[in-house]
Amino acid sequence: MECRKNFDTFLKNTVNLSQAKLTLLDVRVEAIYQALKADPELGPLIRGKKPQGSWAQRTIINPVGDSEFDADFMLHLTENTDWADSPKTYIDKVYAALHRHSIYGAMPHTRKCRCMQLSYANSMHVDIVPYLQLADGREVIVNRDANTWEQTNPAGFTAWMQKKDGIANNNLRKVIRLMKYLRNHRGSFTGTRSIILTTLLGERVEEIKPLTDPGCYSDVPTTLLTIVEDLDRWLQARPYKPSIADPSGSGVTFDHRWDQVTYSYFRARIHTHAREIREAYDEPDYDRSVRLWRKLFGDAFPDQPRATASLTPTAAKFATPLLITTTSRTGRAG
């Protein structure tokens, strides 16, 4: 059984990052940005900012328990020809600007391979990713470990995501959040990075699919079933780790972000989940279907009041709604 309303409630109350946290993220990123712009050395190089990763693609989810959630934003910088032979200088300069700031200098902050990370106590951390458009036209970020540029195409990735989500009737992003929930909160396919998961799920969405399988992207549970079964078939035909190209067209791959062991584990887990999703979806009895969805997603997957119109008059008279109370809070509905 699809249990569509259950999925709506589950996404809104459990999976999605709450609107309050999204608002807090906006406020904090803007404050960081203004502090960097005010820095006398770095500020003149700053041209703008924009969200990146799951925040930009609206696939960010609630963290596990009291864990931090994280978000990235790209700091658009002007190319400095004096640093042409040392791309990591851009990360070092962002680090130095935060380090000498009266507030952020006292907060935990560190340099990572591709970003500067700033941590807030018990709530979140923000990754600041230097981003440039070089004189030769390339859009790049920095690999500090290798001291090299990495090509990127954030606008291309966003356009790809919007196209795929549109084909899936705006259900792809919700399916990605559900699969990230399985990974983060249910301990499944640990080690598979979000960018790979997002790419593999998105690439399974095809314009031709509804022509041969009408309604395959009609709602969240049906889209979940369609995409995960298609992904499972694709993975089972590939016992060895395939090359995963950046769908934005940047020309790079994500192959360095996992290995054969991680891939094999992911492949096996998706095979199991495809079977579990099919069992829950095809189960005609509502109560048994909810139990199967809970076996997959955990006890946070909600029950809903029965639709009394489907019961006989006598049964409807004595029916007791099987409502499981869920946390009431404002959350993103989609």
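Residues numbered from 1 in each chain as written. Predicted model: local features only at pLDDT ≥ 70, side-chain atom pairs only at ≥ 80, totals over all residues. Heavy atoms only, no water.

In this section: empty space enclosed by the protein. Under the criterion given, the structure shown has 1 cavity of 30 Å³ or more. By volume, the largest cavity amounts to about 40 Å³. Lining the largest cavity are E276, E279, L292, K295 and L296. The set of elements that each furnish at least two residues to the lining of the largest cavity consists of helix 10 (260–282) and helix 11 (286–297). Counting residues per element, the lining of the largest cavity draws most heavily on helix 11, at 3 residues. Here the residues of the lining of the largest cavity sort into 2 nonpolar, no polar and 3 charged. (1 Å grid on protein atoms, 1.4 Å probe; cavity = no way out; pocket = protein on both sides within 12 Å on 5 of 7 lines; lining within 4 Å. Points joined across faces, edges and corners; volume = space filled by probe spheres on them. Helix = DSSP H or I, 4+ residues; strand = E, 2+ residues; numbered from the N terminus. Nonpolar A, V, L, I, M, F, W, Y, C, P; charged D, E, K, R; others polar.)

Right, let's talk about the side chain of T199 for a bit. With respect to the secondary-structure elements, T199 resides in helix 7 (residues 194–203). When sequence neighbours within four positions are dropped, the list of residues in contact with T199 reads F157, W160, I244, A245, P247 and F254. (Contact = heavy atoms within 4.5 Å.)

Our next topic: the pairing of strand 7 (residues 148–151). Examined bridge by bridge, strand 6 (residues 139–143) and strand 7 share 4 bridges and lie antiparallel to one another. Residue pairing in the sheet places V142 in a bridge with W149 of strand 7. Here strand 6 folds back onto strand 7 in antiparallel fashion, the turn holding 4 residues, of which N147 has a positive phi close to 55°. (Pairing = 2+ DSSP bridges.)

What follows concerns the packing of aromatic side chains. Under the defined criterion, the tally for this structure stands at 15 aromatic pairs. Ring pairs connect the aromatic residues F7, F10, Y181, W293, F297 and F301, which therefore count as one cluster. The positively charged end of R111 is found above the aromatic ring belonging to Y95, 3.9 Å away from the centroid. One cation-aromatic arrangement involves R204 over W234; the distance from NZ or CZ to the ring centre is 4.5 Å. (Phe/Tyr/Trp six-rings, centres within 6.5 Å; stacked < 30°, edge-to-face > 60°. Lys NZ or Arg CZ within 6 Å of the ring centre and 35° of its normal.)

If a residue is not glycine, its phi is most likely negative; likewise, a peptide bond is most likely trans. Positive phi values are uncommon outside glycine, yet N169 reaches one of about 55°. Not every positive phi belongs to a glycine, and F189 is a case in point at roughly 35°. Inspection of the secondary structure assignment puts F189 in the loop between helix 6 (172–185) and helix 7. With relative accessibility at 0%, the residue F189 sits in the buried group. (Buried < 20%, exposed > 50% of the residue type's maximum accessible area, 1.4 Å probe, protein only.)

With that settled, the discussion passes to the environment of K209. The residue K209 is located in helix 8 (residues 209–212) in this model. According to the relative accessible area criterion, K209 is buried, its value standing at 16%. Residues K209 and L231 lie 22 residues apart in sequence; the distance between their C-alpha atoms is 13 Å. Sequence-distant contacts of K209, defined by excluding residues within four places in its chain, comprise C216, Y217, T226, D230 and R233.

What follows is about the confidence of the model for the protein. On average, residues of the protein score 90 in pLDDT, and 91% of them are at 70 or above. Summarising per-element confidence for the protein, the mean pLDDT is lowest in helix 12 (residues 313–318) (44) and highest in helix 9 (residues 220–236) (98). Below a pLDDT of 50 lies the segment residues 309–334, which in the model reaches 40 contacts outside its immediate sequence neighbourhood of four places, other chains included. (pLDDT = per-residue confidence, 0-100.)

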